[in-house]
Amino acid sequence: RNSTLTGIQLDPLPKGNLLGTVMDACVPFSSEFKFISDSSSAAQIKTEWTINSTVTKSGKKFSYDFRIPGEYVIVGHLTDTATTCKNSLTYTVQAHEVPVADFNYSPEHPVENMDEVVFSNTSSGAELSLCNWYFISNDGYRSSQNTTSYLFSDAGNYPVALLVKNKWNCADTIVKTIKVETDFNVYVPNA
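What this report covers is the structure whose coordinates are included nearby. (Residues numbered from 1 in each chain as written. Predicted model: local features only at pLDDT ≥ 70, side-chain atom pairs only at ≥ 80, totals over all residues. Heavy atoms only, no water.)

**With respect to the nonpolar core**
Core analysis: the largest hydrophobic core is formed by 19 residues, its most contacted members being F33, W49, F66 and I74. For this core, the elements supplying multiple residues, two or more each, are strand 3 (29-36), strand 4 (45-51), strand 6 (61-66), strand 7 (70-80) and strand 8 (86-96). The greatest single-element share of this core, amounting to four residues, is contributed by strand 8. In terms of nonpolar packing, the next biggest core, distinct from the first, is built from 16 residues, V117, Y158, L162 and V180 among them. (Core = buried A, V, L, I, M, F, W, Y, C linked by side-chain atoms within 4.5 Å. Buried < 20%, exposed > 50% of the residue type's maximum accessible area, 1.4 Å probe, protein only. Helix = DSSP H or I, 4+ residues; strand = E, 2+ residues; numbered from the N terminus.)

**Points about the pattern of salt bridges**
For the structure on display, the rule yields two salt bridges. Ionic pairing is found between R67 and D65, a salt bridge with its closest N-O pair at 3.5 Å. In this structure D65 comes out as partly exposed when scored by relative accessible area, which is 41%. One salt bridge in this structure joins K176 and D102, with 3.0 Å as the shortest N-O distance. Remark: D102 occurs in the loop between strand 8 and strand 9 (103-106) and K176 occurs in strand 15 (residues 171-180); sequence separation between them is 74 residues. (Salt bridge = Lys/Arg side-chain N within 4 Å of Asp/Glu carboxyl O.)

**Overview of the state of the cysteines**
Under the definition given, this model contains one disulfide. The residue that forms a disulfide with C26 is C170, at a sulfur-sulfur distance of 2.0 Å. Taking the sign of the S-S torsion, about -95° here, the bridge from C26 to C170 comes out left-handed. Here C26 is found in strand 2 (residues 24-26), whereas its partner C170 is found in the loop between strand 14 (156-166) and strand 15, with 144 residues between them in sequence. Judged by relative accessible area, which is 22%, C26 ranks as partly exposed. The thiol of C131 is unpaired, and the distance to the nearest cysteine sulfur, on C170, comes to 16 Å. (Disulfide = S-S within 2.5 Å.)

Spelled out as C-alpha cells, the structure:
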C-alpha cells in the first residue's frame, strides 16, 4: 500500500461585529456604523453591506438615514483579501413609526361657565399607549383619559395641548386654541 500525506491549511473565516450608534429608534433618525474585528487579519478584511437587499455600502464605516418605519436587515459580506475566505453577518435595526396627535372638541363655540367642552383623542398610529391633555392657563388641569372634559370659567382664548406616545416612546404633540365666548344672557327679574 502506498500512501501520501499532504498538509492542509485551514484559514479562519473573516469575522467581526458591526456597531451602530442607533439600532432602535423613532423615525426619522440616522445611525453611524463601524465594523470592528479583533482578528489578526482585520486590516485585510474587505467589507460590503446590504440594507434590506437594496442599498449597498462599502467600507468599514458608513452611515444610513432611516426615514420609513420598519425592520431593516443589514447583511455584511466579509472577504479576507489574503485568503479569499468569505463570511457574512446579519444585524437588524428597528425604525418605529411616530404617532400623529389630533383631537376634536365639542361644542365648537363654548360659552364661559356654561358649556362643558368635551375633548376626544383622535390620534392615529400603531400601539398608542399614552395620552396626556394639558389645559394651559387654567390652573394647570391635566388628564390622561382618551376623552376628557373641561368647563372654562372665563371667556378668552385657551391653548389645549395633547401629547400622545406609542409603546416605543415615539411621541407627537398638537396644540389647538379654544375660543370661549362671553355669556351675553341677560337675566331680567320677573317680579
